[in-house]
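Coordinates in review
Each chain, written out:
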Amino acid sequence: MKRILQSLILGGCLALTVGCSTVGKSDTFTLTADLPPNFAYVALVTYVPAPNQSCTLGKRDNPKIQFNREWRTEYKPDSQIKMHRTSKGCELELYRIELEINATYGEDRGDFGGDVGNIAVRTELDSRDQGTFNAAGVSEFSGQCQWLFRTAGGLRRIVKILDCKNTDAQGNVTKGRPFAAYTLDQLPGKTVKLKIKLADEEKPGWGDTWVKVPGGWKRCMGKGFEDQHAYCNGNYKDFSTFRMPDGRDTCTIYPGCTENKEVTP
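Structural notes, computed from the coordinates. Computed from a prediction, not measured in an experiment: that's the story for all the values here. Position labels on residues start from 1 in each chain and follow its written sequence. Two thresholds apply to this predicted model, a pLDDT of at least 70 for residue-level local features and 80 or more for giving and counting side-chain atom pairs, whereas whole-chain, interface and lining totals are computed over all residues. With hydrogens and water set aside, each side-chain value is computed from the structure's full complement of heavy atoms.

The disulfide criterion is simple: two cysteine sulfur atoms within 2.5 Å. Counting across every chain of the model gives four disulfides. Here cysteine 55 pairs with cysteine 90 through a disulfide, and the sulfurs are 1.8 Å apart. Classification of the bridge connecting cysteine 55 and cysteine 90 rests on its S-S torsion, roughly 55°, and on that basis the disulfide is right-handed. With cysteine 55 in the loop between strand 2 (39-49) and strand 3 (65-67) and cysteine 90 in strand 6 (residues 90-104), this pair connects stretches of sequence that are 35 residues apart. There is a disulfide in this structure between cysteine 251 and cysteine 257, and the S-S distance comes to 1.8 Å. What sets the handedness of the cysteine 251 and cysteine 257 disulfide is the S-S torsion sign, and at about -75° it is left-handed. Burial classes follow relative accessibility: with a 1.4 Å probe on protein chains only, a residue under 20% of its type's maximum area counts as buried, one over 50% as exposed, and anything between as partly exposed. Residue class for cysteine 251 comes out buried when judged on its relative accessible area of 1%. Assigning the bonded cysteines of the protein consecutive numbers by sequence position, one obtains the connectivity 1-2, 3-4, 5-6, 7-8. Only DSSP runs of H or I reaching four residues or more are called helices, and only runs of E reaching two or more are called strands; each is numbered from the N terminus.

With that settled, consider the pairing of strand 4 (residues 79-82). Side chains of strand 4 alternate between two faces, with Ser79 and Ile81 buried and Gln80 and Lys82 left unburied. Examined bridge by bridge, strand 1 (residues 28-34) and strand 4 share four bridges and lie antiparallel to one another. What sits directly across from threonine 30, in strand 4, is glutamine 80. Think of it this way: DSSP has to see at least two bridges between two strands before they count as a pair.

When a carboxyl oxygen of Asp or Glu is within 4 Å of a side-chain nitrogen of Lys or Arg, the pair counts as a salt bridge. Inspection of every chain in the model, using the stated rule, returns 12 salt bridges. Of the charged contacts in the structure, one is a salt bridge between glutamate 98 and lysine 64, with a shortest N-O distance of 2.5 Å. Taken together, the positions of glutamate 98 in strand 6 and lysine 64 in the loop between strand 2 and strand 3 put the pair 34 residues apart, joining distant regions of the chain. Given a relative accessible area of 43%, lysine 64 falls into the partly exposed group. For aspartate 163, the salt bridge identified is with lysine 165, shortest N-O distance 2.9 Å. Of the residues examined, lysine 165 reaches a relative accessible area of 26% and is grouped as partly exposed. Salt bridges sharing common partners tie together Asp115, Asp163, Lys165 and Arg177.

If you trace the backbone, asparagine 68 turns up in the loop between strand 3 and strand 4. Two N or O atoms form a polar contact when they lie within 3.5 Å of each other; inside protein one atom must be a possible hydrogen donor and the other a possible acceptor, and for residues adjacent in sequence the pair counts only when both atoms belong to side chains. Engagement of the side chain of asparagine 68 in a polar contact is seen with the backbone nitrogen of lysine 76, the distance being 2.9 Å. Setting aside residues no more than four positions away along its own chain, asparagine 68 makes contact with Tyr41, Val42, Glu74, Tyr75, Lys76 and Ser79. Residue contacts are defined here by distance: any two heavy atoms, one from each residue, within 4.5 Å place the two residues in contact.

Sheet topology places strand 8 (residues 138-152) next to strand 11 (residues 191-198); eight bridges connect them, and they run parallel. When the bridges of strand 11 are listed, cysteine 145 appears paired with leucine 198. Relative to strand 9 (residues 157-167), strand 8 runs antiparallel, the two being bridged by 11 bridges. Residue arginine 150 lies in a different strand from strand 9, and its bridge partner there is valine 159. In this antiparallel pair of consecutive strands, strand 8 and strand 9, the connection spans four residues, and glycine 153 shows a positive phi of 80°. Pairing of strand 8 with strand 12 (residues 203-204) involves two bridges; the strand directions are parallel. Its bridge partner being in strand 12, leucine 148 is matched across the sheet by lysine 203.

That's the geometry; what it means functionally is another story.
Following this line, the structure appears as structure tokens:
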């Protein structure tokens, strides 16, 4: 009886020790973002079977988890991302987070642009490729977005394209989209922050369609308003009006919507 009691006490102590060792151990991390006004991100989180699993899952069994799907009305900068999930008895681990970087520039439903970024998560990474965390447990990766403007439709209404590029630690624009990579064991309990800067100036969506003038850009007329491409083709004297997203429709210089007759090709 004494030995049984000792075994029970020992077992209880071991159970208590194991329980205490797992207290506070997180299986989530926080994804957040520092974005310019009128920007928001959408995160699509992908999981794959853990290395010790032989299971395979269809798309319906392993759907992507989405955060900020309704980013226009229900945007939250902080998303709690789980490291592991279980689906139909299959143990899954975090693999990738696809980021949509969206921004609005007008009141109409279609007045928005978007680009992408990515976070890769792997069991192992070369130390040169993986992100690092500061003493507060925060890791930042960054990018710069720029608006590219053009005209569309018979009234030549301004529409914009959002172009986002990765930036290095010094803020210099580099190749590719905003990107970061981490190992699974780096992330629990930590915070990963996406920082986006908006370029100071916008630029035309493609070349030889606008002419730089004091105060902004003038739109080449081309063959007429029905000419949707309207390349300048050396004609830097004939320009068209255009309509701004806010409805102003007699504009001649973008972005200020002002008149200036001095033109320099």
